[in-house]
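# Descriptive analysis of the structure
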Amino acid sequence: MTRRVYIKTYGCQMNVYDSQRMADVLKPLGYAPSETPEAADLVILNTCHIREKAGEKVYSELGRLAKLKADKDGMMIAVAGCTAQAEGEEIVRRAPSVDIVVGPQAYHRLPQMIAEIHRGAGRALDTDFPALDKFDVLPCESGQQGVAQFLTVQEGCDKFCTFCVVPYTRGAEYSRPAQAILDEARRMVAGGAREITLLGQNVNAYRGAAAGGTWGLGRLIRALAEIEDLRRIRYTTSHPRDVDDDLIAAHRDVPQLMPFLHLPVQSGSDRVLTAMNRKHTADDYRRVVDRLRAARADLQLSSDFIVGFPGETDADFEATMALVRETVFAQAFSFKYSRRPGTPGAAMPKQIAEDAKDARLQALQELLIAQQTRFNRSLVGTTIQVLFDKPGRHAGQVGGRSPFLQAVHVDGPTELIGTMAEVEIEAASQNSLSGRLAPAHAEAA
Ligand code: SAH
Ligand code: SF4
Ligand code: F3S
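Residues numbered from 1 in each chain as written. Chains lettered and ligands numbered in written order. Predicted model: local features only at pLDDT ≥ 70, side-chain atom pairs only at ≥ 80, totals over all residues. Heavy atoms only, no water.

### Thoughts on the domain arrangement of the chain
As far as domains go, the chain holds domain 1 (3-126), domain 2 (144-258), domain 3 (260-378) and domain 4 (383-444). Its C-alpha centre places domain 1 at a distance of 34 Å from the equivalent point of domain 3. Between domain 1 and domain 3, the contact holds four residues from the first and four residues from the second. Carbon and sulfur atoms make up 44% of the area that domain 1 and domain 3 hide from each other, which totals about 410 Å². In terms of surface lost to domain 3, no three residues of domain 1 exceed H49, R51 and E52, which account for 87% of the buried area on that side. (Domains from an automatic or database assignment. Contact = heavy atoms within 4.5 Å. Buried area = accessible area lost by both parts, 1.4 Å probe.)

This is the structure in structure tokens:
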């Protein structure tokens, strides 16, 4: 019997990866993907808990789904992801329509939970951090086809930044063995992947078991670079404290490692960084950036910023602005501090008023957007390598990514998808580039 599953994914790339693994684990049970919740027998919300808004979205979505379920015999609703982990009991209480609550470390138990409900066992909640590694039991063969894919190499975080829920929702740092990652990467490439982004909450804290000892991320990247037809390697999200010499050397030595790095700093004020328990100063960050840029001159940076952390003064915020002006980012994400229950930051005095947060966010975003636009425009007139991964917005166009992760649109046939070609950049906006194929250099797949 064919059943259908609809998975809605919120939050970070690791949730995107996990949603794919959930689809894999449900396939043997006869679940095929559904395009809409209406056509599905099982709806899974893979949730994010990082900021208050993200957490609240779940309940409004569950309200809509409850109505759908009322009209549909036998439909099941599951809540997975970080909000499930953080608020499992509350979800069960607030949303009677929910059948299954499953935390990020328990996805391999989904089939069993579904079977129990079919047997009439009532509702199921599993938010344990089992001793058994979920990666050992989740299938990774994956019918997933895609030119650019995500591969989780590390999960969890031991850093305990005082604003952040991730150490509680994803648990302690865990690194997958190198061989399992290499095997999965080879399967992805055999299935058409040409770019792989290695994922981890703290990906450069990777310390994976390998033949002959433990590998760090730099060593893993070198091994991945030997896979034929894997053209591009990226990794995210890294922590400034865990950028080691070997990783910097990999940026120098491995051409497949793209010259673009997401390296969150959060604030430019040492006072705030200490209160955040970031374990690095603003100057530590500057030094790491200098070393990375010395290793790879064309390296571009992205970052995350939080404004309005408890106790942040105008002078602290100005230090963040100064760091941004000085460092220059090709792209960045910035957020107003969101008070998360259970984190130390939530209990700190001197919480910042919403209107002050708004003003700081606006000033910071103006600066970051100006830097991003300037960088995009600086590429006009140059020729860059683009990896095409999807049809373009308009008929006759294809879309791809630059080495710096910018979206690039060109006129060209969809046969280009899965190949790299040189593109002469003709125009740039805040969010994308466009250009034309450089005929002399167009590369045969
Ligand atoms: N593991 C990654 C990503 C964590 S979440 C890392 O260490 O960088 C992604 C970003 O969300 C963080 O870098 C931070 O800027 C932001 N963030 C996390 N908790 C937040 C909170 N309580 N309020 C506002 N932004 C937050
Ligand atoms: Fe959260 Fe900090 Fe860990 Fe990143 S390093 S996941 S911000 S606790
Ligand atoms: Fe959100 Fe969890 Fe990712 S809180 S950002 S889905 S690790």
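### Quick word on the sheet that holds strand β17 (residues 383-391)
Read around the barrel, five strands follow the order β17-β18-β19-β21-β20 and close on themselves; strand pairing throughout is mixed. Each strand axis lies, on average, 55° off the axis of its neighbour in the sheet, ignoring direction. (Pairing = 2+ DSSP bridges. Helix = DSSP H or I, 4+ residues; strand = E, 2+ residues; numbered from the N terminus. Axes fitted to C-alpha atoms, helices over the stretch in contact; angles between N-to-C directions.)

### Some thoughts on the nonpolar core
Counting residues in hydrophobic clusters, the biggest one holds 56 residues, and the most contacted among them are L198, L217, L220, I221, L224 and Y235. Tallying contributions element by element places helix α7 (residues 178-190) first for this core, with six residues. Composition of this core by domain shows at least three residues from each of domain 2 (144-258) and domain 3 (260-378). Once residues within four sequence positions are removed from consideration, L217 is found in contact with L198, V203, N204, Y206, Y235 and L247. In this structure, A40, M75, A95 and V101 belong to the second largest nonpolar core, which totals 20 residues. (Core = buried A, V, L, I, M, F, W, Y, C linked by side-chain atoms within 4.5 Å. Buried < 20%, exposed > 50% of the residue type's maximum accessible area, 1.4 Å probe, protein only.)

### Observations concerning the sheet that holds strand β14 (residues 260-262)
Across a sheet, strands are paired by hydrogen bonds formed along the backbone, either parallel or antiparallel in direction. Strand order in this open sheet of three strands is β14-β15-β16, and the pairing throughout is parallel. Of all the strands in the sheet, the pair left with one neighbour each is β14 and β16 (331-336). Between one strand and the next, the sheet's axes are offset by a mean angle of 10°, whatever the strand orientation. Here strand β15 (residues 300-307) runs beside β16; their pairing, made up of six bridges, is parallel. Across the sheet, residue D304 finds its bridge partner in β16, namely F333.

### Looking at the packing of aromatic side chains
What the rule picks out here adds up to five aromatic pairs. Measuring from centroid to centroid gives 5.5 Å for F305 and F329, while their planes differ by 85°, and the two rings are edge-to-face. Placement of the pair is F305 in strand β15 and F329 in the loop between α12 (314-327) and β16, with a sequence separation of 24 residues. No difference in accessibility class separates F305 from F329, as the two residues are buried. With centroids separated by 5.2 Å and ring planes inclined at 75°, the aromatic side chains of F309 and Y337 adopt a geometry described as edge-to-face. Note that F309 is positioned in the loop between β15 and α12 and Y337 in the loop between β16 and α13 (354-378), a separation of 28 residues in sequence. (Phe/Tyr/Trp six-rings, centres within 6.5 Å; stacked < 30°, edge-to-face > 60°.)

### Regarding the site of ligand 1
The full set close to ligand 1 counts 14 residues, and F163, Q201, Q266, D304 and S338 are the nearest of them. One nitrogen or oxygen atom from the main chain of F163 is found 2.9 Å from a nitrogen atom belonging to ligand 1. Q266 is positioned such that a nitrogen or oxygen atom in its side chain is 2.7 Å from an oxygen atom of ligand 1. Protein contacts shield 88% of the accessible area of ligand 1, which totals 530 Å² for the unbound molecule. Counting residues per element, the ones that place at least two in the shell around ligand 1 are β15 and β16. (Near = heavy atom within 4 Å. Polar contact = N/O pair within 3.5 Å; in protein donor to acceptor, adjacent residues only side chain to side chain. Areas by Shrake-Rupley, 256 points an atom, 1.4 Å probe, with all protein chains shown as cover.)

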